[in-house]
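Here is what each chain is made of, one letter per residue.
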Amino acid sequence: MAIGYKEETMAKYLLLKHYRGAPAAVNDVPFDQWTPEEFTAHVKYMNDFAAKLEETGEFVDGQALAPDGMWVRYDGEGRPPVVDGPFAETKDLIAGWMVIDVESRERAIELAGELSAAPGAGGKPIHEWLEVRPFYSAPPTIME
Amino acid sequence: MDESLLRTLPPIVTSILVRRGANFAVAEDAVQEALIEAIRVWPDNPPNDPRGWMVTAAWRKYLDVVRSDTARRNREVLVESEPKPEPGDEIDDTLHLYFLCAHPSLTPASAVALTLRAVGGLTTRQIADAYLVPEATMAQRISRAKRTVSGVRFNQPGDVATVLRVLYLVFNEGYSGDIDLAAEAIRLTRQLTAQIDHEEVAGLLALMLLHHARRPARIGPDGRLVPLAEQDRSLWDTRLIVEGINILQATLARDRLGEYQAQAAIAALHVDAQTADETDWVQIVEWYDELVRLTHSPVARLNRAVAVGEAHGPRAGLAALAELDPSLPRYPAVAAYLTERSGDPVNAARLYAEAANAATSLLERDHLTRQAARLNAQLRR
């Protein structure tokens, strides 16, 4: 028993998938080199994974992002924002995410490991690196 | 219409259905459906007898499920269609619901969700909103929880400590969603004190009231976290403080100390001081000693180090801190605070920045970042 603990209730984590910028996967073959069946199996794995998380009460959100994009910044009072890019040399390109609500950091790691096992070329797991980031939560009511 | 009935009736009606022989999981679903209907219908069409209305509505929904199940199994249907008040309907045994929903076989998150729905009378959507997850996800969490306890006998006496832990977790969740979970936890704990005479139930209620009393002062008008020492004490709710202290004193007099009473005693000493400087830190340290003895909690030891720093000077506080595991949450924040008090702003600024990086909530991160920025600005002058 402890006071001021929120550690044992649920916490949200972002599982971030990259097009570019993550360390190279073990089974690192571009999508367009897979067979159509391999690609279908991959998509099915991802959908089944999300459905399973909903069933376990751990699913919050999942979204995919188009690789196409641009950079935008403020350019001073009365001027339109500057639009630039996309820059081919940008080293980090996010492909999508899943948000999970889990009991522990260990569980977040377990699920990320499972997601990273999605099948790719040759029907073998991609072993893709996923970035796992905790969300900030509300501060506990009892702090002192 | 008395809106509070929408929260208080569901557990009573579930108990009535179970006593009439209904299975808990099915009865609880039926009551949830009746509740959703009541939320829709009552504002325009308030019933004369809300309890009778909800029993009837839930019983019908329960029979619908039983009939379709029975029809599927192709058996004779022999159920009474119009429910009448039955002997025993007036008995309030919602206490068993508290025990069932906090059953030790459940994970903390499942117990919290099931308690809020079956005992708290909240809808799945309200609970999902409070915990910032989709309704479908929360619905699954609740139905899994019900499957987990499906083998538990309904009227089995349980361990009150597990119930208190669940209520504590609800209270401590903070104020994120639309549903005020802290107020909800207080309501459920208050209701529990009416059902069971137990020092720690009273201790937990006192603890909640004394913390809830300070809530208006805890977040500044600009949304920032205001530390206890800097809070505007005139904003504290004196009515809640008086109630909390009265409950605590009556409970402590029974001389059966527990962790919630000890925490409430610490909270009481804080609200007892007119200004932060008048806080009786020596007594607070003694209560932390009790709390550490009762719980062996590392978080209690960490808070004790702060109290030691206030009572016996920052060096004594740092010495108490040195015995603890630096990987504890908020360790760097405590270290930064005590280091600044000991007259070492350079290291304190560094520790505050480190603490901001390790914070688990945005409000704490921002507070710690401001502390680091304040010291760094002073050092540049």
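Each chain carries its own residue numbering, running from 1 in the written order of its sequence. Chain labels run from A onward and ligand labels from 1 onward, assigned in the order the entries are written. The model is predicted, so local features are restricted to residues of pLDDT at least 70 and side-chain atom pairs to those at 80 or more, both for listing and for counting; the totals for chains, interfaces and linings are taken over all residues.

As a further point, take the overall build of chain A. We count a stretch as a helix when DSSP gives it H or I for four or more residues in a row; a strand needs E for two or more, and each element gets its number in order from the N terminus. Scanning chain A from terminus to terminus reveals 2 helices and 6 strands. Along chain A, helices (α) and strands (β) appear in the sequence β-α-β-β-β-β-α-β when read from the amino end. We compute the radius of gyration from the C-alpha atoms alone; for a globule the expected value is 2.2 Å times N to the 0.38, where N is the number of residues. Here the C-alpha radius of gyration of chain A, 19 Å, is well above what a compact globule of 144 residues would show, namely 15 Å. Looking at chain A as a whole, 21% of its 144 residues qualify as buried. Of the contacts formed within chain A by residues at least 6 apart in sequence, a portion of 74% connects residues at least 24 apart. Any residue with 12 or fewer other C-beta atoms within 10 Å of its own C-beta is exposed, any with 20 or more is buried, and the rest are partly exposed; the C-beta atoms used are placed from the backbone. Whether two residues are in contact depends on their C-beta atoms, placed from the backbone: they are in contact if these lie within 7 Å.

Contacts between the two partners involve 26 residues from chain A, matched on the other side by 38 residues from chain B. Broken down by secondary-structure element, the contributors of at least two residues to the side of chain A that touches chain B are helix H1 (36–55) and strand E2 (59–64) of chain A. By the convention adopted, Pro, Cys, Tyr, Trp, Phe, Met, Ile, Leu, Val and Ala count as nonpolar, Lys, Arg, Asp and Glu as charged, and the other residues, Gly among them, as polar. Residue composition of the side of chain A that touches chain B, by class: 12 nonpolar, 6 polar and 8 charged.

With that settled, the discussion passes to the sheet that holds strand E6 (residues 131–134) of chain A. Residue and element names in this part refer to chain A. Between any two strands, pairing holds if DSSP finds at least two bridges. Read across the open sheet, the 4 strands follow the order E2-E5-E1-E6; overall the sheet is antiparallel. Both outer strands of the open sheet, E2 and E6, are each paired with one neighbouring strand and no more. When the angles between neighbouring strand axes are averaged without regard to direction, this sheet yields 20°. Inspection of the sheet shows strand E1 (residues 11–20) paired to E6 by 4 bridges, in the antiparallel sense. Lines fitted to C-alpha atoms define the axes, with helix axes restricted to the stretch in contact, and inter-axis angles between N-to-C directions lie between 0 and 180 degrees.

If you look at the biggest cluster of nonpolar residues, it comprises 127 residues, and the most contacted ones within it are Ile100(A), Leu17(B), Ala58(B), Leu167(B) and Val334(B). Dropping the residues within four chain positions of it, Leu17(B) is found in contact with Ala22(B), Ala27(B), Ala30(B), Val31(B), Ala58(B), Trp59(B) and Tyr62(B). Remark: nonpolar core denotes a set of buried Ala, Val, Leu, Ile, Met, Phe, Trp, Tyr and Cys residues whose joining runs through C-beta atoms within 7 Å.

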